[in-house]
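Commentary on secondary and tertiary structure
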Amino acid sequence: MTDNTLPKFDVHNLRVCGCCLQLIANGEINNGTDDAEVTSAGQVATWGPNVTNMIAGGPHGDDCDNDGSTDCDCEDFGFSWSDCEGCGSALGGDRYAATVLIPLP
Ligand SMILES: [Zn+2]
Ligand SMILES: [Zn+2]
């Protein structure tokens, strides 16, 4: 029997730190520090098993007509002191777009 229903997700658009973005996009952070471990632990503490459903990027701004063929700044929010929404880090720094998909029951 085939179930044609697409999985449903609760989509959260996040503003994450550079470490989160690297970890989400590359699966690792190669800067010779324990950033990867710290960030990974923070993500798990924040999102639990849904860390595996985190993806880099987010929606374009309402006034952006980029169809993907060029670069734009929609996924770069600039410097912020607000906590990283990916790993919970309170360190100030640049924030980037990421998305977490939480499967609905
Ligand atoms: Zn854009
Ligand atoms: Zn983070």
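Structure shown above.
What you see is a predicted model, and the numbers here were worked out from it, not measured in a lab.

This paragraph deals with the overall build of the protein chain. Counting its regular elements, the protein chain contains 2 helices and 4 strands. Start at the N end of the protein chain and walk to the C end: the helices and strands fall as β-α-α-β-β-β. Its C-alpha atoms give the protein chain principal-axis dimensions of about 50 × 35 × 25 Å. Taken across its 105 residues, the protein chain has 24% of its residues classed as buried. Nonlocal contacts in the protein chain, meaning residues at least 24 apart in sequence, comprise 67% of its contacts between residues at least 6 apart.

What follows covers helix 1 (residues 18-26). For helix 1, the set of buried residues is Cys 19, Cys 20, Leu 21, Gln 22, Leu 23 and Ile 24. Where helix 1 is buried, its residues meet strand 1 (9-17), helix 2 (35-47), strand 2 (54-56) and strand 4 (93-103). Once helix 1 ends, the next one or two residues include Gly 27, with phi positive near 75°.

Counting residues in hydrophobic clusters, the biggest one holds 16 residues, and the most contacted among them are Val 16, Cys 17, Cys 19, Cys 20, Leu 21, Ile 24 and Ala 98. Broken down by secondary-structure element, the contributors of at least two residues to this core are strand 1, helix 1 and strand 4. The element that contributes the greatest number of residues to this core is helix 1, accounting for 5 residues.

Turning to helix 2, a few remarks are in order. For helix 2, spanning 13 residues, the distance from its first C-alpha to its last is 18 Å, which sits close to the expected 18 Å at 1.5 Å a residue. Listed as buried for helix 2 are Asp 35, Thr 39, Gly 42, Gln 43, Thr 46 and Trp 47. The arc enclosing the buried residues of helix 2, seen along the axis, measures out at 105°, which places them on a common side. Exposed residues on helix 2 whose side chains face more than 90 degrees from its buried face are Glu 37 and Ala 45. Where the residues of helix 2 are buried, they touch helix 1, strand 2 and strand 4. Phi turns positive, to about 55°, at Gly 48, one or two residues after helix 2.

Definitions and cut-offs
Residues numbered from 1 in each chain as written. Chains lettered and ligands numbered in written order. Predicted model: local features only at pLDDT ≥ 70, side-chain atom pairs only at ≥ 80, totals over all residues. Helix = DSSP H or I, 4+ residues; strand = E, 2+ residues; numbered from the N terminus. Buried ≥ 20, exposed ≤ 12 C-beta atoms within 10 Å, placed from the backbone. Contact = placed C-beta atoms within 7 Å. Core = buried A, V, L, I, M, F, W, Y, C linked by C-beta atoms within 7 Å. Expected span 1.5 Å × (residues − 1). Arc of directions from axis to C-beta.

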